[in-house]
Amino acid sequence: MTRRDVLQGVAVLLGGVLSSSVAGAILGCSPRRVGSAGWRPRTLTPEQNELVATIAELILPATDTPGAREAGVNEFVDLLLTDWLDAQGRDGFLTGLAGFESACQAGTGRPFLELSHDEQMTVLVPLDEEAAELRQAARAAGLTEVDDPPFFLTMKEWTLAGYYTSEIGMTQELQHLRISGSYAGCRPLAEVGRSWA
Amino acid sequence: MSSPVTYDAIVVGSGITGGWAAKELTENGLETLLLERGRPVEHGKDYVGEHKTDWELPYRGWGDRQLYEKDYQVQSHCYAFGEDTRHFFVKDTEHPYQHDSDKPFRWIRGYHLGGRSLMWARQCYRWSDLDFEANARDGFGVDWPIRYADLAPWYHYVESFIGVSGQAEGIPQLPDGRFLPPMEMNCVEHAVRERIGAAFSGRVMTIGRTAVLTQPHRGRAACHYCGPCHRGCSSGSYFSSLSSTLPAAVATGKLTVRTHSIVQSVLYDEEKDRAVGVRVIDAVSKEAVELYARVIFLCASTLGSTQILLNSTSPRFPDGLANSSGALGHYLMDHTFQAGATAEMPGFEDQYYHGYRPNGTYLARFRNVDEPHPDFLRGYAFQGGAWREGWWRGAREPGLGAELKQALREPGPWMMNLGGFGECLPRYENYVELDHENPDAWGIPQLEVHCTWSDNEDRIRQDARETAAEMLEAAGGRDILTYDRGAPPGFCIHEMGTARMGRDPETSVLNGWNQAHDVPNLFVTDGAAMASTACQNPSVTYMALTARACGHAVAEMKRGNL
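Residues numbered from 1 in each chain as written. Chains lettered and ligands numbered in written order. Predicted model: local features only at pLDDT ≥ 70, side-chain atom pairs only at ≥ 80, totals over all residues. Heavy atoms only, no water.

1. Things to note about the domain arrangement of chain B
Residues and elements named next belong to chain B.
Consideration 1: Looking at chain B, the domain boundaries give domain 1 (6-122 + 239-333 + 428-452 + 492-558) and domain 2 (164-229 + 336-422 + 453-484).
Consideration 2: Distance from the C-alpha centre of domain 1 to the C-alpha centre of domain 2: 31 Å.
Consideration 3: Contact residues are listed per partner, giving 16 residues for domain 1 and 24 residues for domain 2.
Consideration 4: Carbon and sulfur atoms make up 53% of the area that domain 1 and domain 2 hide from each other, which totals about 1500 Å².
Consideration 5: Interface area lost by domain 1 to domain 2 is led by Arg122, Cys492 and Cys535, which between them contribute 42%.
Consideration 6: Counting every contact that joins domain 1 to domain 2 gives 0 salt bridges.
Consideration 7: The tally of links between domain 1 and domain 2 comes to 6 residue pairs in polar contact (both at pLDDT 80 or more).
Consideration 8: Class assignment for the residues of the side of domain 1 that touches domain 2 results in 6 nonpolar, 8 polar and 2 charged. (Domains from an automatic or database assignment. Contact = heavy atoms within 4.5 Å. Buried area = accessible area lost by both parts, 1.4 Å probe. Salt bridge = Lys/Arg side-chain N within 4 Å of Asp/Glu carboxyl O. Polar contact = N/O pair within 3.5 Å; in protein donor to acceptor, adjacent residues only side chain to side chain. Nonpolar A, V, L, I, M, F, W, Y, C, P; charged D, E, K, R; others polar.)

2. Quick notes on the packing of aromatic side chains
How two aromatic rings sit relative to each other is given by the distance of their centres and the angle of their planes.
Consideration 1: For the structure on display, the rule yields 37 aromatic pairs over all chains.
Consideration 2: Ring centres of B:Trp20 and B:Phe161 lie 5.5 Å apart, and the angle between their planes is 70 degrees; on these two criteria the pair is classed as edge-to-face. Linking B:Trp20 in helix 1 (residues 16-27) with B:Phe161 in helix 5 (residues 148-162), this pair joins segments that are 141 residues apart in sequence. Across this residue pair, the class does not change: B:Trp20 and B:Phe161 are buried.
Consideration 3: Chaining the aromatic ring pairs together yields one cluster made of A:Phe93, A:Phe100, A:Phe112, A:Phe151 and A:Trp158.
Consideration 4: Sitting over the face of the ring of B:Trp442, B:Arg37 holds its NZ or CZ atom 5.8 Å from the ring centroid. (Phe/Tyr/Trp six-rings, centres within 6.5 Å; stacked < 30°, edge-to-face > 60°. Helix = DSSP H or I, 4+ residues; strand = E, 2+ residues; numbered from the N terminus. Buried < 20%, exposed > 50% of the residue type's maximum accessible area, 1.4 Å probe, protein only. Lys NZ or Arg CZ within 6 Å of the ring centre and 35° of its normal.)

3. Remarks on the nonpolar core
Consideration 1: Core analysis: the largest hydrophobic core is formed by 159 residues, its most contacted members being B:Val278 and B:Phe297.
Consideration 2: At 11 residues, the largest contribution of residues to this core is made by helix 11 (residues 539-558) of chain B.
Consideration 3: Of all hydrophobic cores here, the second largest spans 49 residues; its members include A:Ile59, A:Leu97, A:Phe112 and A:Ile168. (Core = buried A, V, L, I, M, F, W, Y, C linked by side-chain atoms within 4.5 Å.)

4. Re the interface of chain B and chain A
Consideration 1: Each partner contributes to the interface: chain B provides 54 residues, whereas chain A provides 63 residues.
Consideration 2: Summed over both sides, the interface between chain B and chain A buries roughly 5500 Å², with carbon and sulfur atoms accounting for 60% of that surface.
Consideration 3: The largest contributions to the chain B side of the interface with chain A come from B:His354, B:Lys405 and B:Arg409, which together make up 15% of the buried area.
Consideration 4: Inspection of the region where chain B meets chain A yields 3 salt bridges.
Consideration 5: Measuring nitrogen to oxygen at the nearest pair gives 2.9 Å for the salt bridge that ties B:Glu56 to A:Arg178.

Following this line, the structure appears as structure tokens:
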């Protein structure tokens, strides 16, 4: 079986034509991580998984520390969708994800995953500004949750939570001690260094 | 059937007061049976959530939402409930209770050896005569049969044993205790303390007085600052029955512990006019057994003890044991809380803190101390603290990519919270009764709770919001947000009353020694005994009352009166 056959077979299996980047990710011929060894999404399709992992990585990319993809944010999202949300919440997120993709295609003429990094960021920035405005309005009203949140608001929250509660996020990006041993109330930030996870 | 076993004393419940009763009674030579309705918990080994990091929890601390909605609808609201502690909370589906649909009541419970002493918030504040005289002063409730002088030596006694860290301040309405060295305030808390003290005379904010060890104490290690005490502490650095009182009781060789033992009722012998024992349902087999003793201590929690008494009926006490007054079940109270303000505190951006401090700050009561307030009786105190915001602020601020990540690497703005804890008036119409139509899985009638806040508690919360905002403003805060989260009764987990102490047997259940007026060998030393709530966290007062009651019971037994 040639690589091309495999690709076509996967495409048939998924019921559609794959973009090269998705197929590459699925087939493991790209360095991009789609999940821990042996992990397979339980709710997300491979395409949705790749889209989620890509958006998460755009929100919190690899820099001098690993980013959201390496920290498995997509696995956290799939866990929440599968076991944490009820059917209504799950459908809401997946509908939002599909709406995100179709809005992108309507606006740019291409699937999100085929856009360049800069083009992808251009799609995300207005969604991020809208989400922040909604969050701030809720906070000013004394609410902890936003009613009927748009897709990107949820996606950003889950990305932040999935990343900063991961071992990478807590120990490589921020700092964490299982046991701090002592408490010092006032210490120069320069000495403490990064934010406590 | 084997012949009945008789003990000197039976203690019902192994939480904060049951542990103290077991310790005091056994150390005074009494063969004591401790009954716990839940499962055994082994100190250390069974603290399965201890030292887990977020990434080691299945839902990273967000919890198993579907399970909580199914089985933990009430418990899951508790701040201490989570993936790391769920095993210390009851399933609401297994332990149901009733309340009026328009009067929500949250009953937070842990049925296991050690009870809620494992998950408690550890804050320890003495009461003063401002509190013990409150009922007599304004006429709500009955006068306390004791004053601060009666309890002061017992506060000293229990604090010396459990270890309470704190700062002596000389505040008359918040008497100093016997303190281990205080934990440190952080930079902003120091500044807020000074600025509030300068702007408002008589308002003192101190570091929380907490039953967490800041130095080794009686064979227990000092705190290692891992943070979430309520997961259990294998080094025994905070007070719980398992770290402190039960080991002392076991060391006497006079303690028998029986878990999975649900006390259905107290047995009363009409001829002897005494309580003679308890009827126990085995939680697993559901078999009943009767166990006997010379004195009975109910330490089953406020509502647990009252439920047992209400369910202990006889021709002499058709409405519940020791209830000739008719007060049993009535005058249920809780602290009214979750009203206050939060502010951003600029000016300390180059400062931070190191480590996880399991404690906050405490701003002592200042209302109705020297002069009466026009809008409400009694008062409130503020618990709170300052911190720097973390990564979650990224959800409400725009930003993406490497820039966002870099920004969240730094701690966010300093924030300061002042959350009011207010006193609740004792009122007859806040009460519990038995729902005989709805027995639980062990055939015991469920409790039906009827409880709501009065105008006085509503006004206390309103004033707490306003004064919190005023003080934060005076302390240099900006973007001040006031809040009242509408916490229903029960949710502060300071439920009190329903078998109150008092001087008059016609209006109270217990005398000044936590001893039933009607049945002298029956003692109730948990929160049920409280005749008012003050605004301080009550547990250390329960401990002092329990130790004092045990001393009285032992003395009466020696005198041949019991």
